[in-house]
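# Coordinates in review
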Amino acid sequence: MSFEKIHQFNFPTTIRFGAGVVKELPAYLKANNLKAPLVVTDPNVAQLPFFKNIAEDLRKHSIAVEVFSDIHKNPVKSDVYKGVDVWDATNRDSVIGIGGGAGLDVARAILLRINHREDLFKYDDLVGGDVYVTNDVPHFITVPTTSGTGSEVGRSAIISDDDTHQKKILFSPKLMAKIVFADPVLTMDIPGPITAATGMDALTHNMEAFLAKNYHPMCDGIALEGIKLIDESLERATNKPDLESRSKMLLGSMMGAIAFQKGLGVVHSLAHPLSSLLDTHHGLANAVNIPYGMQFNIAGFEDKFRRIARALELPKENGEAVVQYLFDLNTKINIPHHLRDIGVKDEHIETLADLAFADFAHPNNPKPVSREDFKQLYLKAL
């Protein structure tokens, strides 16, 4: 496959994929009679040359751009409300999310709130709030800049409570982008440590989705191919990036997000509390925890691990080989093997275990995870 040309996938949203495809954005807006987008991103991406070039290109085509980037690394409800205030004050007609998980989550939550003005967390999917998402939403476009969450193809946003830091999920098929412009060139300048952490997030999505207990053979197939693509590209994308490795990572990331509609598992429940309690980067939290979480899942699911090992073309097709592969991969991309190396201390363990047990991801793990299991996993990873 050539990574020099642009491809189109419809799965189920339209994905325009390839080097330079973001240049199609002004023509797309004009063709859909959109002249005043609210462009939502994070404060780091807002300062990068490629972002400024995108905004300038839109303005050159007489499109009135308003940028909103006042958001946290782990987004909170007040970020969303501030963004909607900007929407209200500037007479916008569409939302464009540009960035990684944080920027795209806030963009999607703003999209929801524009025509749903009750308390944002009334729409929390974890308590059945999706039934209240009844109104139409504005035109929504996504442009990913990292290969991690795959949020560009998603239908949900994870937003935390400002005070309790508890994560809520806003979900509705209405929140899917009308079109995705997935341009691997935009990921080329992402530094190695961020590439590594977001890439391990994408790998975690694919592995956990494949193991998740719900029945969804289509997601299983996508997850295995996503694992293969990431295996072929993450080390190179991190240490010596080129267009092919960054393209495969962007594809593997989107595939992980499509696959995890089947569910996630123990690793995400280990990782989420690190972000909410210690403000750890979500991808890094997954990266450090994934070998331990996968080890926990082997017994009883040996056949699933055999299939993962086969996708990775490991000499030994078993779960222990997959776990060793994950430790080795972390070493190659300079991710530590222990939680103490990313700021976790003994005194955090009990609170982390409480938060992990209360998390929404592990009920879809292939086997049950108790609070004591979480405590022991944290201690093992410490």
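Right above here is the structure, for reference.
Residues numbered from 1 in each chain as written. Predicted model: local features only at pLDDT ≥ 70, side-chain atom pairs only at ≥ 80, totals over all residues. Heavy atoms only, no water.

### Overview of the side chain of Thr280
What counts, and what does not: By the criteria applied, helices consist of DSSP H or I runs no shorter than four residues and strands consist of E runs no shorter than two, each listed in order from the N terminus. Contacts were defined at the residue level, with two residues in contact if any of their heavy atoms lie within 4.5 Å.
Within the secondary structure layout, Thr280 lies in the loop between helix 8 (266-278) and helix 9 (282-297). What Thr280 contacts, discounting residues up to four positions off in sequence, is Asn74, Leu274, Ser275, Ala285 and Ile342.

### Some points on the sheet that holds strand 2 (residues 14-17)
Convention followed: Any two strands are treated as partners once DSSP identifies two or more bridges connecting them. Every angle, taken between N-to-C directions, lies between 0 and 180 degrees, and every axis is a line fitted to C-alpha atoms, over only the stretch in contact when it is a helix.
Overall, mixed pairing links the 7 strands, which are arranged 1-2-9-6-5-3-4 in an open sheet. Among the strands making up the open sheet, the edge pair consists of strand 1 (7-10) and strand 4 (66-68). Strand-to-strand twist of the sheet, defined as the mean angle between neighbouring strand axes without regard to direction, takes the value 20 degrees. Alignment of strand 6 (residues 139-144) against strand 9 (residues 179-182), held across 2 bridges, turns out to be parallel. Considered in strand 9, the bridge of Thr142 is made with Val180.

### Focus: the pattern of salt bridges
To keep it simple, the criterion reads: Whenever a carboxyl oxygen of Asp or Glu lies within 4 Å of a side-chain nitrogen of Lys or Arg, that contact is scored as a salt bridge.
What the rule picks out here adds up to 18 salt bridges. Residues Asp119 and Lys77 are paired through a salt bridge, measuring 2.9 Å at the closest nitrogen-oxygen approach. Taken together, the residues Asp119 in the loop between helix 4 (101-114) and strand 6 and Lys77 in helix 3 (residues 77-90) connect sequence positions 42 residues apart. Three or more residues joined by partner-sharing salt bridges are found here, namely Lys228, Glu232, Glu244 and Lys248.

### Observations concerning helix 2 (residues 49-60)
The condition is simple: To estimate how far a helix should reach, multiply one less than its number of residues by 1.5 Å. Only protein chains enter the calculation, and the probe is 1.4 Å; a residue is then buried if its accessible area is under 20% of its type maximum, exposed if over 50%, and partly exposed in between. When we speak of the arc, we mean the arc of directions from the helix axis to the C-beta atoms.
Compared with an ideal rise of 1.5 Å per residue, which puts 12 residues at 16 Å, helix 2 spans 16 Å between its outermost C-alpha atoms and is within 8% of the ideal. Here helix 2 has its buried residues at Phe50, Phe51, Ile54, Ala55 and Leu58. Along the axis of helix 2, the buried residues cluster in a sector spanning 140 degrees; they form a single face. Residues of helix 2 that are exposed and point over 90 degrees away from its buried face: Pro49, Asn53 and Lys60. Among the structural elements, helix 1 (25-31), strand 3 (37-40), strand 4 and strand 5 (94-99) are those in contact with the buried residues of helix 2. One or two residues past the end of helix 2 sits Ser62, with phi positive at roughly 65 degrees.

### Concerning the nonpolar core
Condition: Throughout, nonpolar core names a set of buried Ala, Val, Leu, Ile, Met, Phe, Trp, Tyr and Cys residues whose side chains join them through atoms within 4.5 Å.
Judged by nonpolar contacts, the single largest core of 99 residues is most densely connected at Met200 and Met207. With 22 residues, the next largest nonpolar core counts Leu25, Leu34, Phe50 and Leu186 among its residues.

### Brief notes about the pairing of strand 1
Where strand 1 lies against strand 2, 4 bridges are found, and the strand directions are antiparallel. Note on strand 2: the bridge partner recorded for His7 is Phe17. Hairpin geometry of strand 1 and strand 2 is characterised by an intervening segment of 3 residues between the two adjacent antiparallel strands.

### Points about the pairing of strand 6
Spelled out, the test is: If the strands point away from the viewer and the path from the first strand over the helix to the second runs clockwise, then the crossover is right-handed.
Among the 6 residues in strand 6, 6 count as buried, and that is most of the element. Handedness of the strand 5-helix 4-strand 6 crossover: right-handed.

### Quick word on helix 12 (residues 349-358)
All of the buried residues in helix 12 are Ile349, Leu352, Ala353 and Ala356. Looking straight down helix 12, one finds its buried side chains confined to an arc of 100 degrees; they lie on one side.

### Let's talk about the packing of helix 5 (residues 192-211) against helix 10 (residues 302-311)
Formally: Crossings are assigned a handedness: left-handed for a near helix turned anticlockwise from the far helix by less than a right angle, right-handed for a clockwise turn. Following the grouping adopted for this structure description, the nonpolar residues are Ala, Val, Leu, Ile, Met, Phe, Trp, Tyr, Cys and Pro, the charged ones are Asp, Glu, Lys and Arg, and the polar ones are all others, Gly among them.
Contact geometry of helix 5 with helix 10 gives a least axis separation of 10 Å together with a crossing angle of 145 degrees. The hand of the helix 5/helix 10 crossing is right-handed. Contact residues: helix 5 offers Met207, Phe210 and Leu211, while helix 10 offers Lys304, Phe305, Arg307 and Ile308. When the residues that make up the contact of helix 5 with helix 10 are grouped by side-chain class, the tally is 5 nonpolar, no polar and 2 charged.

### A few points about the packing of helix 5 against helix 6 (residues 217-239)
Rule in force here: An angle below 35 degrees is treated as roughly parallel, one above 145 as roughly antiparallel, one from 65 to 115 as roughly perpendicular, and anything else as oblique.
Relative to each other, helix 5 and helix 6 sit at 160 degrees, their axes nearing to 9 Å. It follows that helix 5 is roughly antiparallel to helix 6 by the angle criterion. Judged by the twist between their axes, the crossing of helix 5 over helix 6 is left-handed. For the pair helix 5 and helix 6, contact is made by Gly192, Thr195, Ala196, Gly199, Met200, Ala202, Leu203, Asn206, Met207, Ala209 and Phe210 and by Asp220, Ile222, Ala223, Leu224, Gly226, Ile227, Ile230, Leu234, Ala237 and Thr238, respectively. Class assignment of the residues belonging to the contact of helix 5 with helix 6 gives a composition of 14 nonpolar, 6 polar and 1 charged.

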